[in-house]
Amino acid sequence: MLPDELADLVRQVQEQRCETQLVEFKASRNGCPKHLYDTLSSFSNQDEGGTIVFGIDEEADFAVIGVYDAQDLQKHVVEQCDQMCPPVRAVFTTVTLEEGTVVSAEIPGIDVSDRPCYYQGKGRLRGSYVRVADADKPMTEYEIYSYEAFRKQYHDEVEPVPRATLASLDQNLINRYLTRIRSSKPNLARLEDDKILELMSVTRNGEVTLAGVMLFSLYPQAYFPQLAIIATVVPGTETGVIDEQGNRFLDNKRIEGTLSEQLEGALAFVNANMRVSTHIDPSTGRRADRVEYPIEAVRELVLNALIHRDYSSHTQSMPIQLLMYRDRLEIVNPGGLYGRLTVNDLGKVQPDTRNPVIATIMETLGETENRYSGIPTVRRLLNEADMPEPLFESFRGQFLVTLRNDRGSRPRGIDVRPDLELADSQRKIALFCAERPRSRQEIAELVGVQAPYVMRRYVKPMVEAGLLELTLPGAPKSSYQRYTTPGRFIIRRS
């Protein structure tokens, strides 16, 4: 960054008085901090990288106190950067303010194929960190493994399952698959059955693979008890709420079987539990039933979860979760996004595929097109149903998709009631949250400031004034919390 940009960052820091996902402060009045390794690692391991600002004392209410010696500080920071694997190449900026000299070290995010970046003195397992809000947290063993799996192209789906044999597979399913393979792939048509199964990774060196078990076994859960779907209907808008009869769950089912059977079972569960409303056209008198969620959209999302979940030993004890709340449907998938794919890329770019064997076999079986059209299809179906767009979130070791069931919430000439006395930023936020519930990070990006500041300066006062509502009022600090503008303040024009 330029010196003027660093000065602006310092002024922003003094106004916000907090560290962030992308900025860390160090006092450095009496020397260079000796242990920057955690922050160097965590910033390097996120796409955006991060900036360490020296010469600001967090304990003194983020006052500028200046560094002891800008040149010597940079030399010692470089020494610590060289002890990282791979080495970190910081970019320094210095600016002299009235209170003293401030130095910034911009830490670039490294490519996913080179992660994790770790401190050599502790080793990969103990020296790898990830940035969580304003803190550096040790990476879990699974997070480290997920980077290694992408870099070395591990495919856990083709690992042999010791107890499984060809005799334990459903021969009807196998024969159906072989028939489809021979009709769609002429080069394989002349091969023997066992050779085809080996080439397509249903078996590996004669042993049945995990993919073979999950796609063709008579009962896959005999080998992997938790590779299933736990489907639950919650009476309220958050887990733990009970209804008038004291029930925590209105329905609760464990859905097992092959991937195709789990898909069928999940759709049956949603169909049985989602509400159906009846609408009468006032001009024609015709009756039309409208389901709570477009079932084809649900199918695409469940199918994505089954195909793209992580099947490594780290997550084999974690089932997929399907949760139906009063106001939304959630699908929680073990394993975050794979490779270089980000949430913003979903449905727009061809992703790296974690389980190409499963994806290819499901395509052959006619369950999926395997053309990366699932997310665009979901968005189209929700748009046609006049429903909010799906919300995709990737956390540490899991992926969450949320469908909200409030129809008529797509923007249609939305405006905020003109009689409300709102500042420009407040009106902007109110309009933004009227389109669909928004996270604090989305609001921060809209206004162009850091999330802690936007919460303190705008969101909390608007919530207290009733201008914004929480989607999870019983869990205000939940990472799933969203903010929406009450309908009584909104004017909608068709």
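Residues numbered from 1 in each chain as written. Predicted model: local features only at pLDDT ≥ 70, side-chain atom pairs only at ≥ 80, totals over all residues. Heavy atoms only, no water.

**Observations concerning the environment of Ser183**
Here is the rule: Helix and strand assignments come from DSSP, with helices taken as H or I runs of at least 4 residues and strands as E runs of at least 2, each series counted from the N terminus. Definition of a polar contact: a pair of N or O atoms within 3.5 Å, with one able to donate and the other able to accept a hydrogen when the atoms are protein atoms, and with sequence-neighbouring residues admitted only if both atoms are side-chain atoms.
Among the structural elements, Ser183 can be located in helix α5 (residues 171-184). From its side chain, Ser183 meets the backbone oxygen of Arg180 in a polar contact 2.9 Å long.

**Focus: the pairing of strand β10 (residues 135-138)**
We apply this condition: Two strands pair under a simple rule: DSSP has to find at least two bridges between them.
Strand direction decides the pairing type here: strand β9 (residues 129-132) and β10, joined by four bridges, are antiparallel. Its bridge partner lying in β10, Val132 is registered against Ala135. If you look at the hairpin formed by β9 and β10, you'll find two residues sitting between the two strands, and Ala133 has a positive phi there, around 60 degrees.

**Describing the pattern of salt bridges**
Here the idea is simple: oppositely charged side chains can pair when their charged atoms come close. Rules: Take a side-chain nitrogen of Lys or Arg and a carboxyl oxygen of Asp or Glu: if they are within 4 Å of each other, that pair is a salt bridge.
One pass over the structure, following the stated rule, counts 22 salt bridges. Close ionic contact of Asp136 with Arg131 constitutes a salt bridge, the shortest N to O distance being 2.8 Å. When salt bridges with common partners are traced through the structure, they connect Glu24, Lys26, Arg131 and Asp136 into a single cluster.

**A closer look at unusual backbone geometry**
The test is simple: Think of it in three bands: with a 1.4 Å probe and only protein chains considered, a residue is buried below 20% of the maximum accessible area for its type, exposed above 50%, and partly exposed in between.
Pro86 follows Cys85 through a cis peptide bond whose omega is -5 degrees. By secondary structure assignment, the location of Pro86 is in the loop between β5 (84-85) and β6 (91-97). With an omega of 0 degrees, the peptide bond running from Arg115 to Pro116 counts as cis. Structurally, the position occupied by Pro116 is in the loop between β7 (100-107) and β8 (118-119). The backbone of Gln153 sits at a positive phi, close to 55 degrees, despite the residue not being glycine. Its location among the elements puts Gln153 in the loop between α4 (141-151) and α5. Looking at Gln153, the relative accessible area reads 44%, which means it is partly exposed.

**A look at the pairing of strand β20 (residues 398-404)**
The side chains of a regular strand alternate between the sheet's two faces. Of all seven residues making up β20, six are buried, and the element is well covered by its neighbours. For strand β18 (residues 328-334) and β20, the ladder comprises seven bridges, and the chain directions are antiparallel. Looking at the pairing, Val332 lines up with Leu400 of β20. Relative to β20, strand β19 (residues 391-395) runs antiparallel, the two being bridged by five bridges. Counted as the bridge partner of Phe395 is Gln398 from β20.

**Details of the sheet that holds strand β17 (residues 320-324)**
Put simply, the rule reads: For helices, the axis comes from a line fit to the C-alpha atoms of the stretch in contact; other axes are also lines fit to C-alpha atoms, and the angle between any two N-to-C directions lies between 0 and 180 degrees. The contact criterion used is simple: two residues touch if any of their non-hydrogen atoms lie within 4.5 Å.
Here six strands make up an open sheet; going across it, the order is β14-β13-β17-β18-β20-β19 and the pairing mixed. A single partner strand is all that each edge strand has here, and the edge strands are β14 (251-255) and β19. Here the strands of the sheet are splayed against their neighbours by 15 degrees on average, with no regard to which way each runs. Of the strands in this sheet, β13 (229-233), β14, β17 and β18 are in contact with helix α8 (residues 259-273), which crosses β14 at around 170 degrees.

**Some details on the environment of Cys117**
When you line up the elements, Cys117 lands in the loop between β7 and β8. The buried category is assigned to Cys117, whose relative accessible area is 0%. In sequence terms Cys117 and Thr360 are 243 residues apart; their C-alpha atoms lie 33 Å from each other. Leave out the neighbours within four places in its chain, and Cys117 touches Ser41, Ser44, Asn45, Met84, Cys85, Pro86, Val88, Ile110, Gly127 and Ser128.

**Concerning helix α2 (residues 37-44)**
Counting buried positions over the eight residues of α2 gives seven, a clear majority of the element. Those residues of α2 lying buried are Tyr37, Thr39, Leu40, Ser41, Ser42, Phe43 and Ser44.

**Let's talk about the packing of aromatic side chains**
We apply this condition: Whether two aromatic rings pair depends on their centres lying within 6.5 Å, for rings of Phe, Tyr and Trp, where Trp uses its six-membered ring; planes under 30 degrees apart make the pair stacked, over 60 edge-to-face, and the rest tilted. Whether a charge sits over a ring depends on NZ of Lys or CZ of Arg being within 6 Å of the ring centre and within 35 degrees of the ring normal.
Throughout the structure, instances matching the rule amount to six aromatic pairs. Note on Tyr145 and Tyr154: the rings are 6.0 Å apart at their centroids and 25 degrees apart in plane angle, and the pair reads as stacked. Taking the relative accessible area as the measure of exposure, Tyr154 reaches 30% and is therefore partly exposed. Considering the side-chain rings of Phe392 and Phe399, the 6.1 Å spacing of their centres and the 15 degrees angle between planes classify their relative orientation as stacked. Over the face of the ring belonging to Tyr325 we find Arg328, whose NZ or CZ atom lies 3.8 Å from the ring centre. Here the guanidinium or amino end of Arg438 rests over the ring plane of Phe432, the centre of that ring lying 3.7 Å away.

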